[in-house]
Amino acid sequence: MSGLKLGLQISSFTWPGGAAAIGPTLARVVEKADEVGFDSIWVMDHFFQIRSVGRAEEPMLEGMTALGFMAAHSQRARLGLMVGGVHTAIRPCG
């Protein structure tokens, strides 16, 4: 039997307390989302904050590192990266 699944996207890290509060606040958000039953928790990995969310100079975490940090604070939610900043170049063989 399949039920409705809800995910939480964390798109802004501009929280009270400035840069020093990002880690503790993210930990609390992830722990609470996990506790209340969100199926998944997502972050994005842009190099700068996107215009629809805030100013370019606002904090933006590197996605893979953020996921590792979040994994230490989640017991059950699936974690995901919405947009990755890793790009690869593929050369043709031959």
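Calculation notes
- Residues numbered from 1 in each chain as written.
- Predicted model: local features only at pLDDT ≥ 70, side-chain atom pairs only at ≥ 80, totals over all residues.
- Heavy atoms only, no water.
- Buried < 20%, exposed > 50% of the residue type's maximum accessible area, 1.4 Å probe, protein only.
- Helix = DSSP H or I, 4+ residues; strand = E, 2+ residues; numbered from the N terminus.
- Arc of directions from axis to C-beta.
- Contact = heavy atoms within 4.5 Å.
- Polar contact = N/O pair within 3.5 Å; in protein donor to acceptor, adjacent residues only side chain to side chain.
- Salt bridge = Lys/Arg side-chain N within 4 Å of Asp/Glu carboxyl O.
- Core = buried A, V, L, I, M, F, W, Y, C linked by side-chain atoms within 4.5 Å.

A.B. asks: What is the right way to look at helix H2 (residues 63-71) in this model?
C.D. replies: Note that an α-helix has 3.6 residues per turn; residues three or four places apart therefore point the same way. Taken together, the buried positions of H2 are occupied by Gly63, Ala66, Leu67 and Met70. Taken around the axis of H2, the buried residues stretch over an arc of 100 degrees, which confines them to a single face. Away from its buried face by more than 90 degrees, H2 exposes Met64 and Thr65. Buried-residue contacts for H2 involve helix H1 (22-36), strand S2 (40-43) and strand S3 (78-81). The backbone nitrogen of Met64 lies 3.2 Å from a side-chain oxygen of the residue at the head of H2, namely Glu62.

A.B. asks: What is the right way to look at the pattern of salt bridges in this model?
C.D. replies: Oppositely charged side chains can pair when the atoms bearing their charge come close. In total, this model carries three salt bridges according to the counting rule given. Put simply, Glu35 and Lys32 hold a salt bridge, and the shortest N to O gap is 3.2 Å. Here Glu35 and its partner Lys32 are both found in helix H1, three residues apart, which amounts to about one turn of the helix. The salt bridge partner of Arg55 is Glu57, with a shortest N-O separation of 3.0 Å. Overall, Glu57 belongs to the exposed group, its relative accessible area being 60%.

A.B. asks: What exactly am I supposed to notice about the nonpolar core here?
C.D. replies: Side chains that are nonpolar tend, in soluble globular proteins, to be buried together. Ile10, Phe13, Leu26, Val30, Ile41, Val43 and Met70 are the most contacted members of the largest nonpolar core, which totals 14 residues. Of all the secondary-structure elements, those providing two or more residues to this core are H1, S2 and H2. Among the elements that make up this core, the one with the highest residue count is H1 (four residues).

A.B. asks: Would you mind going over the environment of Glu62 with me for this structure?
C.D. replies: Note that Glu62 resides in the loop between S2 and H2. Judged by its relative accessible area of 37%, Glu62 falls in the partly exposed class. Counting along the chain gives 19 residues from Glu62 to Val43, while the straight-line C-alpha distance between them is 9.2 Å. Within the structure, Glu62 has its side chain in polar contact with the backbone nitrogen of Met64 (distance 3.2 Å).

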